[in-house]
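# Structural description and commentary
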Amino acid sequence: MERVYNFSAGPSVLPEVVLKQAADEMMNYNGTGMSVMEMSHRSKAFEEIIQTAEQDLRDLLKIPDNYKVLFLQGGASQQFAAIPMNLMKNGVADYIITGQWAKKAFEEAKQYGKVKAVASSADKTFSYIPDCSDLDIDEDADYVYICHNNTIYGTAYKELPNTKGKILVADMSSDILSQPVNVEDYGLIYFGVQKNVGPAGVVVVIIREDLIREDVLPGTPTMLKYKTQADADSLYNTPPAYGIYICGKVFKWVKEMGGLEAMKIHNEKKAAILYDFLDSSKLFKGTVEKKDRSLMNVPFVTGNEELDAKFVKEATAAGFVNLKGHRTVGGMRASIYNAMPIEGVEKLVEFMKRFEEENLPK
Ligand SMILES: *Cc1c(COP(=O)(O)O)cnc(C)c1O
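Residues numbered from 1 in each chain as written. Predicted model: local features only at pLDDT ≥ 70, side-chain atom pairs only at ≥ 80, totals over all residues. Heavy atoms only, no water.

## Quick word on the site of the ligand
The immediate surroundings of the ligand are formed by Gly75, Ala76, Ser77, Trp101, Cys147, Asn149, Thr151, Asp171, Ser173, Ser174, Gln194 and Lys195. Ala76 is positioned such that a nitrogen or oxygen atom in its backbone is 2.9 Å from an oxygen atom of the ligand. When isolated, the ligand has an accessible area of 390 Å², and the protein chains bury 86% of it. At three residues, helix H3 (residues 75-87) tops the list of elements feeding residues into the shell around the ligand. Of the residues contributing to the shell around the ligand, the split by class is three nonpolar, seven polar and two charged. (Near = heavy atom within 4 Å. Polar contact = N/O pair within 3.5 Å; in protein donor to acceptor, adjacent residues only side chain to side chain. Areas by Shrake-Rupley, 256 points an atom, 1.4 Å probe, with all protein chains shown as cover. Helix = DSSP H or I, 4+ residues; strand = E, 2+ residues; numbered from the N terminus. Nonpolar A, V, L, I, M, F, W, Y, C, P; charged D, E, K, R; others polar.)

## A short note on the environment of Gly219
If you trace the backbone, Gly219 turns up in the loop between strand E10 (203-208) and helix H5 (226-231). With 134 residues separating them in the primary sequence, Gly219 and Met85 have C-alpha atoms 8.7 Å apart.

## Examining the packing of helix H1 (residues 16-24) against helix H6 (residues 241-256)
Packing of H1 against H6 leaves a shortest axis separation of 10 Å and a crossing angle of 135°. With respect to H6, the element H1 is oriented oblique. Like other packed secondary-structure pairs, H1 and H6 cross with a definite hand, here right-handed. Contact with H1, carried on its side by Val17, Val18, Gln21 and Ala22, involves Tyr242, Tyr245, Ile246, Lys249, Val250 and Trp253 of H6 and no other residues of that element. (Axes fitted to C-alpha atoms, helices over the stretch in contact; angles between N-to-C directions. Parallel < 35°, antiparallel > 145°, perpendicular 65-115°, else oblique. Left-handed = near helix turned anticlockwise from the far one by under 90°. Contact = heavy atoms within 4.5 Å.)

## Details of the sheet that holds strand E12 (residues 297-301)
Spatial strand order, E11-E12-E14: three strands in an open sheet with antiparallel pairing. Each end of this open sheet is capped by a strand with a single partner; those strands are strand E11 (285-286) and strand E14 (332-335). Pairing geometry for E12 and E14, over four bridges, is antiparallel. Across the sheet, the residue bridging to Val298 is Ala334, located in E14. (Pairing = 2+ DSSP bridges.)

## Focus: the side chain of Glu356
Summarising the element assignment, Glu356 is placed in helix H9 (residues 342-359). For the buried Glu356, which has no salt bridge, the nearest side chain bearing the opposite charge is Lys282, at an N-O separation of 5.6 Å. Among residues more than four places away in sequence, those in contact with Glu356 are Phe277, Ser281, Lys282, Leu283 and Phe284. (Buried < 20%, exposed > 50% of the residue type's maximum accessible area, 1.4 Å probe, protein only. Lys, Arg positive; Asp, Glu negative; His and termini not counted. Salt bridge = Lys/Arg side-chain N within 4 Å of Asp/Glu carboxyl O.)

Purely spatial values, then, with no claim about function.
Dropping the structure here:
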């Protein structure tokens with residue numbers, strides 16, 4: 001069967017060359033006579049896989065030496081608890097609520113300390129990023145938390161909040177590697193890999209070394225202490241080895257694509273094709289404020305639920321799949337991560353134009 005254009009928000013499209021390489025190496029990885037799935041995580045071959053993956057990620061993001069890179073499990077959602085457990089010294093943190101993922105992290109953190117929502121865009125269904133230039137940051141805040149790209153609502157920070165000197169923590173699950181990042185602006189960056197990097201089952205934490213402490217909140221499980229994982233170079237127990245191997249291949253692919261500067265140009269070009277069409281369309285329209293638009297997730301509606309459903313159905317039949325919006329917001333959403341080729345977006349827009357001609361109320 002032909003491959004489809006997969007606009008899923010996650011797990012999502014991966015580069016075809018990576019899938020092909022993985023297929024080629026399935027039965028015999030690099031002369032070992034076995035699949036990466038079958039090998040010891042203590043083997044020389046796997047050691048090289050994880051170390052190369054880390055180095056390539058460091059090169060791509062220009063991660064300074066005083067930051068650790070951890071390959072963990074539990075998904076992004078487990079970090080909602082791990083972050084307060086590890087970073088709360090004063091038991092205080094401030095959260096900026098720009099969507100469901102930020103809200104979930106906020107609700108989870110409430111179990112561990114005094115947390116406050118210092119800004120929110122809930123008043124307009126998270127269709128914008130609030131002004132974060134002068135927030136009421138608590139003097140004792142151990143960190144300020146953001147979700148950098150809001151996968152469900154399709155907004156992204158173009159400018160970082162003024163944290164008034166406090167540590168910034170960011171969930172970059174849905175936009176990591178889509179553009180350059182100045183890692184030093186953050187104390188901690190984390191991402192579940194299944195949006196823009198690899199298969200579900202790996203979450204990567206990039207943390208400044210001085211934030212890795214022994215004296216974490218009482219009751220923090222051994223596995224959730226960053227210190228445990230950092231001291232063991234992510235090999236405290238069996239890591240999600242196959243997932244890390246695929247992530248490593250994607251890191252190499254991003255390097256071959258020209259790195260993050262090139263990725264940004266590529267992503268801006270792709271997103272512009274879709275946004276320009278939405279801005280000129282008489283049927284479809286984007287749902288978020290222009291200045292806050294995400295390069296990765298593009299929600300849109302026709303304004304008529306039945307027509308939305310018809311569009312999703314016909315698009316699916318034509319090979320443009322997973323365009324249905326998140327169950328909580330309806331409408332459509334096209335996720336156009338790194339691995340979505342430009343032709344995918346061009347063809348989607350052609351399809352939308354045709355649908356518009358056929359369905360525009362006369
Ligand atoms: C998908 C997503 C999550 C949740 O990821 P899991 O790995 O399923 O826990 C968290 N944050 C963002 C921004 C996401 O896009």
